[in-house]
Amino acid sequence: EEYVMLVSAYSLYIGIASSVLAVVGFGALAKSVPKPVRTGFKWGCAVGVLVSALPNGLFQGGGSQLKQLAKEQSLLNAYATKYKVYFPGIVNAANVVFALSRPMLWSLAPTVLFVAGGALFLR
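Everything quoted here is computed from the prediction, not taken from an experiment.

What counts and how
Residues numbered from 1 in each chain as written. Predicted model: local features only at pLDDT ≥ 70, side-chain atom pairs only at ≥ 80, totals over all residues. Heavy atoms only, no water. Helix = DSSP H or I, 4+ residues; strand = E, 2+ residues; numbered from the N terminus. Rg over C-alpha atoms; globule rule 2.2 N^0.38 Å. Buried < 20%, exposed > 50% of the residue type's maximum accessible area, 1.4 Å probe, protein only. Contact = heavy atoms within 4.5 Å. Core = buried A, V, L, I, M, F, W, Y, C linked by side-chain atoms within 4.5 Å. Axes fitted to C-alpha atoms, helices over the stretch in contact; angles between N-to-C directions. Parallel < 35°, antiparallel > 145°, perpendicular 65-115°, else oblique. Nonpolar A, V, L, I, M, F, W, Y, C, P; charged D, E, K, R; others polar. pLDDT = per-residue confidence, 0-100. Expected span 1.5 Å × (residues − 1).

Novice: It is not clear to me how the overall build of the protein should be interpreted in this structure. Could you clarify?
Specialist: In terms of regular secondary structure, the protein is built from seven helices and zero strands. For the protein, the sequential pattern of α-helices and β-strands runs α-α-α-α-α-α-α. For the protein, the C-alpha radius of gyration of 18 Å lies well beyond 14 Å, the compact-globule estimate for 123 residues. Projecting the C-alpha coordinates of the protein onto the three principal axes gives extents of approximately 50 × 35 × 30 Å. Here the protein holds 123 residues, and 16% of them are scored as buried. Counting only contacts in the protein whose residues sit at least 6 apart along the sequence, the fraction spanning at least 24 positions is 56%.

Right under this line is the structure:
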């Protein structure tokens, strides 16, 4: 329930900030940013959202189930945990590799909803 409240508040704040920036005329400044930079920013955001949504989309228990399975079964996760001080985000990357390489551990209902929702959203 706390997570829902946090996401709701975040969405509200982003909406207010977007409205203020639109009134101030920030769109004209944003249009001056080169297209490759805008494209890279959009792809970076998309990859970040995908990586954070992937555990909830493939496993019944979400991120906690993925972390537990990766900790128990993945040598890559052990190395990633060892070097996370030097490479922030390496544990998440290792968990994504683990999740995508083990489709036999996916739960059917969340996977079907995740893929169908993704396909619908990408249209």
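Novice: Even after reading the chapter, I still don't get the environment of Asn92, so can you show me in this structure?
Specialist: Examined against the element boundaries, Asn92 turns out to sit in helix H6 (residues 90-101). Residue classification places Asn92 among the partly exposed positions, given a relative accessible area of 45%.

Novice: How do you make sense of the nonpolar core when you look at a structure like this?
Specialist: Across soluble globular proteins, you tend to see nonpolar side chains buried next to one another. With nine residues, the main nonpolar core is built from Leu54, Leu58, Phe59, Leu66, Leu69, Ala70, Val96, Phe98 and Ala99. If you list the elements that add at least two residues to this core, you get helix H3 (35-58), helix H4 (62-73) and H6. Setting aside chain neighbours within four positions, we find Phe98 in contact with Leu66, Leu69, Ala70, Gln73, Ser74 and Leu105.

Novice: Sorry if this is basic, but what is going on with the packing of H4 against H6 here?
Specialist: Two packed helices can be described by the angle between their axes and the distance between those axes. Direction vectors running N to C along H4 and H6 enclose 85°, while the axes themselves pass 10 Å from each other. One element, H4, and the other, H6, form an angle in the roughly perpendicular class. Residues Leu66, Lys67, Leu69, Ala70 and Gln73 of H4 pack against Asn95, Phe98 and Ala99 of H6. When its residues are assigned to classes, the contact of H4 with H6 shows five nonpolar, two polar and one charged.

Novice: Which parts of the structure should I look at to understand the confidence of the model for the protein?
Specialist: Caution applies to low-pLDDT regions: their predicted coordinates should not be interpreted in detail. When pLDDT is averaged across the protein, the result is 86; 98% of the residues are at 70 or more. Mean pLDDT across the elements of the protein bottoms out in helix H5 (residues 75-82) (83) and peaks in helix H1 (residues 2-24) (89).

Novice: Looking at this structure, how should I read the packing of H5 against H6?
Specialist: Packing of H5 against H6 brings their axes to within 8 Å, and their N-to-C directions diverge by 175°. Overall, the two elements H5 and H6 adopt an arrangement that is roughly antiparallel. Side by side, H5 and H6 meet where Leu76, Asn77, Ala80 and Thr81 of the first sit next to Ile90, Val91, Ala94, Asn95 and Val97 of the second. Class assignment of the residues belonging to the contact of H5 with H6 gives a composition of six nonpolar, three polar and no charged.

Novice: Even after reading the chapter, I still don't get H1, so can you show me in this structure?
Specialist: Given 3.6 residues per turn, any residue in an α-helix points the same way as the ones three and four places further on. The end-to-end C-alpha separation of H1 is 33 Å, in line with the 33 Å expected for 23 residues at 1.5 Å each. At the exit of H1 stands Gly25, carrying a positive phi of roughly 100°.

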